[in-house]
Amino acid sequence: MSKNSTNKGEPWHSFHGPNLGYVMEVYEQYLQNPDEIDQELRELFDQWGPPTADDLEVLVSTQQTDTTFQLPAQPTQFSKVVAAVKLADNIRTYGHLAADINPLNDRKKDTQRIELSEFNLTENDLVNIPVDFICPNAPKHITNGLEAIKHLKAVYTSKLAFEHAHVHELEEKNWLREKIESGSLQQGLSKEKKLSLLKRLSEAEGFEKFVHRTFVGQKRFSIEGLESMIPLLDEMIQYSVKEGARTVNIGMAHRGRLNVLAHTLGKPYEMIFAEFQHAPSKDLIPSEGSIGITYGWTGDVKYHLGADRKISTDNNVRARVTLANNPSHLEVISPIVAGYTRAAQEDREEAGYPKGSLESSYAIMIHGDAAFPGQGVVAETLNLSQLNGYKTGGSIHLIANNMIGFTTESYDSRSTKYASDTAKGFEVPIVHVNADDPEACLAAAILAYEYRHKFGKDFVIDLIGYRRFGHNEMDEPMVTNPMMYNIIQNHPTVRDMYAQKLIQEGVITNEDDENQQKEIEEILKEAYDKVPAKEENPDTVMNPPEDVTNGLPDIDTSVAFDKLKSLNSELLTWPEGFNVFKKLDRILMRRGQVFEGKGKIDWAHAETLAFASIIKDGTPIRLTGQDSERGTFAQRHLVLHDEKTGDIHIPLHHLEDSNASFVVYNSPLTETAVVGFEYGYNVFAPETLVLWEAQFGDFSNMAQVMYDQFISAGRAKWGQKSGIVMLLPHGYEGQGPEHSSARLERFLQLAAEYNWTVANCSTAGQYFHILRRQAAILQKEEVRPLVIMTPKSLLRNQFAAATPEDLSNTVFNSVLEQKGLGENKDSVERVVLCSGKIAIDIEERLEELESKDWFHVLRVEELYPFPKQDIAQIFEQYKNLKEIVWVQEEPKNMGAWTFAEPRLRDIAPEGVSVSYIGRRRRSSPSEGEPTVHKKEQARIINEAITR
């Protein structure tokens, strides 16, 4: 084989560590006298030459990384090469510890691992080593090993520092090295670019100073100390739009938010000033529609608000930039903007999986340095990044690193060296950048986007600055952080430092700088002068709009019998040769008999028919949950697996003449991030029926912040509409405290102003119709989320099953009357009201009773909005009514009782008592012992239907 083979150097790959070192020692002898060495090695040297730089890297990588590197007692040129390669590798791995990335310089730099002395090397030793062994990607002006080492030190220990040793993919690692070490990353800016950069820093700083003087003591959570974030965002957005991005979604907490709104989103200064002055601001929205700002009726503080901006050229909209609304729950916005991004990438107008482009949209997630490692939703969101159901082609994470959290310094805030270390477990590259070097910040922005563009993965920029004032502008930081703030008070701003740099370079003069600052000040003053007077009589009633308060429109959710039968047939047709697991095949094929008068439609069957009919109506569907493909209770089976080949078949992808996509994904074992993702997806794709299913309803409490801050309140606070559906398995079957209650009471406690629908259906037919109703309202002003307490034991219960006529001849009813009861109206003395599974428990007992005329049972299928009028009309039919009883399986302080009681008392006929039957008040949702559960459940039902 010739020496020029593409496999050159391959024999040496089998040598590792000391063995490869031995080979290099022998090669030196070979050069001096080839006849004195072993014939086999001599033949290898004749054919292959010496080990290459790649082989030396193998040697370095197989050794343990030590602080010191010991040369042999009698070092040779090759052992010095190995030491030099090891030194170069240490610079790449540990250079960040010695880098100038801290603008306050209040922390000691660690240079020990990258000193020549630690490797017993001298500069003369390095001069004689070829550049390619040290830095193959070095710029052309680097001519020897010494210059290469100096170059690597300059690159890896500057104000831009890199961590990529934890990235295992060789292609990615090599690409990062080439970008970093070739010199292409920071090639210097043009004069125009420098002037633009200075202006942006001046605008960012000028805005903060103006607000500080004008609205003394008001909270603004200023960006000062991290002003470089604004030009960094500018650079990233401009570059990405040029590369084809059409939607840029930003999520961030409150630190620096007003500055980002003003400069990145283009929110007019006068609108922000009006919010500070408590003056009307809606009339200040630009008339040309370039800025989208929505309002709820109760509103939110100014540093929680979001906005949309259209980037246009020649009257053509090129891109949309969105800053998501976000409360003070910091990192919870991360999965929501990831959901925005996935929705923006996908085209849902064809059957099957949505078509999409990862390049068309991406997310920028801005984190606090204390929150990034401190809040688990960050790791949850990182975990979503490469999963099929959630990947977005990589998010860019920007840590707005103040080196402090409220009053807590880093050493009390995390157990890691850097705030960014959480990302290392996901092999995400990290660049640390000194926020006092705005040019380095622009370089970081381009590197991050280029990496995301090429590899479709996340990237972290750790923007290290400081916080010039306290946590908010009413806070005095010297009380708790005197050492840090003594340094900060004497530290010049990045704007002032960059202006001085440009003055020294001759780019501008002192006069130019002063004039620019005066011009910005005048612009701010003019904006302030446009602000109306303070609103003396603000709207304190804050009623929702009529589209919300009028309730849902009447919608015919029935589907003709023949159409249902046809859909059912399509859903039971597999490709030729597809082998469904035989037991499952038999179960599914029973569904075909229902329309021939044999059997009934169980819960999952009704759901599948609802999905099919919704898709045929042109509405896309997205369903996710921890086991949603099969169903937690082996009930759903929307994805079929060939038992011989493992191939999959999704019947809902093959409906004739369908023009809407359908997806179902098994989610990771998390609730917070997944619920946030689905909410974000739904907000950005409002035409899509988005459903999230909890494995058990109890687990939804892990996503409580998403319900509290977004799903229940988003429209009232921000005017942000959502039609997301939460499917929460709920019902008492003796499975203990964590597999019984979906905490129905919490959703009812949050229910107000028609913010969502809360339902606890008792039949498959009702479930069918409420899903179709939800799909029908998605793009109407009346749209609202839907919370459904779904069943477990009722999934296959024949009392809860439906007939085809239940789907074709009826609609959803907020109240169902128990069949066979209440017919002798003069005999009824008690009306029992209940909801969900316990209604079926009662129905099952009715056959045992001889005397049933004296009571009636109402199932409240829709708990919110509470159907007071429908129930009151039923009460009026029973003139001898004496008592109204609410029956539930949950403890008295849980479930629907505390919600239903005052409403029932409002509509109870005069002289009729309202009382409760159920478990007593408890701290735990249910008993842990199945036998105890059965006895208690039997007691409740007996009391409900016994005089």
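Asks: Quick question: what am I supposed to make of the pattern of salt bridges here?
Replies: Should the charged atoms of two oppositely charged side chains come close, the side chains can pair. Tallied over the entire structure, the rule returns 54 salt bridges. Here Arg 213 and Glu 521 are joined by a salt bridge, their closest N and O atoms 2.7 Å apart. With a gap of 308 residues between them, Arg 213 in helix H9 (residues 191–214) and Glu 521 in helix H20 (residues 510–529) connect regions that are remote in the sequence. Between Lys 501 and Glu 439 there is a salt bridge, with the nearest N and O atoms lying 3.4 Å from each other. Highlighted residues: Lys 501 in helix H19 (residues 494–505) and Glu 439 in helix H17 (residues 438–455), separated in sequence by 62 residues. Through salt bridges with shared partners, a single network forms among Glu 205, Lys 209, Arg 495, Asp 496 and Asp 513.

Asks: Whenever I open this one, the sheet that holds strand E24 (residues 855–860) confuses me. Can you help?
Replies: By definition, the strands of a sheet pair up through backbone hydrogen bonds, in either a parallel or an antiparallel sense. On the basis of which strands lie adjacent, the open sheet formed by five strands has the order E22-E24-E23-E26-E27 and mixed pairing. Of all strands in the sheet, those with a lone pairing partner are strand E22 (815–817) and strand E27 (913–919), marking the two edges. Taking the axes of each pair of neighbouring strands and ignoring which way they run, one obtains an average angle of 25 degrees across the sheet.

Asks: Would you mind showing me how to read the packing of helix H8 (residues 170–181) against H17 here?
Replies: What describes two packed helices is the angle between their axes and the distance between those same axes. Viewed as axis vectors pointing N to C, H8 and H17 meet at an angle of 150 degrees, and their least axial separation amounts to 12 Å. Put simply, H8 runs roughly antiparallel to H17. In this structure, H8 meets H17 at a crossing whose hand is right-handed. Touching Glu 171, Glu 172, Trp 175, Leu 176 and Lys 179 of H8 are Leu 447, Glu 450, Tyr 451, Lys 454 and Phe 455, all from H17. For the contact of H8 with H17, the per-class residue count stands at five nonpolar, no polar and five charged.

Asks: Help me understand helix H18 (residues 482–489) in this model?
Replies: Since the α-helix packs 3.6 residues into each turn, any two residues three or four apart lie on the same face. Every buried residue of H18 is accounted for by Met 484, Tyr 485 and Ile 488. Seen end-on, H18 carries its buried residues on one side only, within an arc spanning 90 degrees. Where the residues of H18 are buried, they touch strand E10 (404–405) and strand E11 (408–409).

Asks: I keep staring at the packing of aromatic side chains and nothing clicks. Help me out?
Replies: Any aromatic ring pair is given by two values, namely how distant the centres are and how the planes are angled relative to each other. Considering all chains together, one arrives at 34 aromatic pairs under this definition. Residues Trp 175 and Phe 455 carry aromatic rings whose centres are separated by 5.6 Å and whose planes lie at 85 degrees to one another, so their mutual orientation is edge-to-face. On the criterion of sequence distance, the pair formed by Trp 175 in helix H8 and Phe 455 in helix H17 is long-range, its members being 280 residues apart. Comparing Trp 175 with Phe 455, the two get one shared label, buried. Centroid distance Phe 210 to Tyr 528: 6.2 Å. Interplanar angle 70 degrees. Geometry classified as edge-to-face. Residue Phe 210 is found in helix H9, and its partner Tyr 528 is found in helix H20; the two are separated by 318 residues along the sequence. Phe 210 sits in the buried class, given a relative accessible area of 4%. Here a set of aromatic residues connected by ring pairs shows up, and it is made of Phe 207, Phe 210, Phe 215, Tyr 269, Phe 273, Phe 276 and Tyr 528. For Lys 454, the ring lying beneath its charged end belongs to Phe 455, and the centroid distance is 5.7 Å. The lysine or arginine in question, Arg 622, covers the ring of Tyr 681, its NZ or CZ lying 4.8 Å from the ring centre.

Asks: For this particular structure, what's the right way to read the sheet that holds strand E18 (residues 689–693)?
Replies: Strand order in the open sheet made by the seven strands is E17-E14-E18-E19-E21-E20-E25, with mixed pairing throughout. Both edges of this open sheet fall to strand E17 (662–666) and strand E25 (862–864), since each of them pairs with a single strand only. With direction set aside, neighbouring strand axes in the sheet form an average angle of 20 degrees. Here five bridges tie strand E19 (residues 725–729) to strand E21 (residues 786–790), and the two strands are oriented parallel to one another. Its bridge partner being in E21, Leu 728 is matched across the sheet by Met 789. Across the sheet, helix H24 (residues 603–616) touches strand E14 (621–625), E17, E18 and E19, and the angle it forms with E14 is around 145 degrees.

Asks: So what exactly am I meant to see when it comes to the nonpolar core here?
Replies: Taken as a class, soluble globular proteins show a tendency for nonpolar side chains to be buried jointly. Counting 97 residues, the largest nonpolar core has Met 236, Phe 273 and Ile 461 as the members making the most contacts within it. The dominant element in this core, judged by the number of residues it contributes, is H17, at 11 residues. In contact with Met 236, not counting residues within four places along its chain, are Tyr 362, Ile 364, Ile 396, Ala 445, Ala 448, Tyr 449 and Ile 461. In this structure, Val 337, Ala 338, Val 787 and Ala 908 belong to the second largest nonpolar core, which totals 72 residues.

Asks: It is not clear to me how unusual backbone geometry should be interpreted in this structure. Could you clarify?
Replies: The general pattern is negative phi for most residues beyond glycine and trans for most peptide bonds. Residue Pro 865 follows Tyr 864 across a cis peptide bond; omega there is -5 degrees. With respect to the element layout, Pro 865 can be found in the loop between E25 and helix H32 (868–875). With phi around 60 degrees, His 278 is a residue other than glycine that occupies positive phi space. The topology assignment puts His 278 in the loop between helix H12 (269–276) and strand E3 (291–292). We classify His 278 as partly exposed; its relative accessible area is 48%. Of note, the phi angle at Glu 427 is positive, near 55 degrees, even though the residue is not glycine. If you trace the backbone, Glu 427 turns up in the loop between helix H16 (410–413) and strand E12 (430–434).

Asks: Before we go on, may I ask you to explain the pairing of strand E9 (residues 396–401) in this structure?
Replies: Regular strands place side chains that alternate from one sheet face to the opposite one. In terms of burial, E9 is largely enclosed, as six of its six residues are buried. Both faces of E9 are covered, namely the face carrying Ile 396, Leu 398 and Ala 400 and the face carrying His 397, Ile 399 and Asn 401. As paired elements, strand E8 (residues 361–368) and E9 share five bridges and run parallel to each other. Following the sheet pairing, Ile 364 is matched in E9 by Ile 396. Of the strand pairs in this sheet, E9 and strand E13 (residues 459–464) are connected by six bridges, and their pairing is parallel. Residue Asn 401 lies in a different strand from E13, and its bridge partner there is Ile 464.

Scoring rules and cut-offs
- Residues numbered from 1 in each chain as written.
- Predicted model: local features only at pLDDT ≥ 70, side-chain atom pairs only at ≥ 80, totals over all residues.
- Heavy atoms only, no water.
- Salt bridge = Lys/Arg side-chain N within 4 Å of Asp/Glu carboxyl O.
- Helix = DSSP H or I, 4+ residues; strand = E, 2+ residues; numbered from the N terminus.
- Pairing = 2+ DSSP bridges.
- Axes fitted to C-alpha atoms, helices over the stretch in contact; angles between N-to-C directions.
- Parallel < 35°, antiparallel > 145°, perpendicular 65-115°, else oblique.
- Left-handed = near helix turned anticlockwise from the far one by under 90°.
- Contact = heavy atoms within 4.5 Å.
- Nonpolar A, V, L, I, M, F, W, Y, C, P; charged D, E, K, R; others polar.
- Buried < 20%, exposed > 50% of the residue type's maximum accessible area, 1.4 Å probe, protein only.
- Arc of directions from axis to C-beta.
- Phe/Tyr/Trp six-rings, centres within 6.5 Å; stacked < 30°, edge-to-face > 60°.
- Lys NZ or Arg CZ within 6 Å of the ring centre and 35° of its normal.
- Core = buried A, V, L, I, M, F, W, Y, C linked by side-chain atoms within 4.5 Å.

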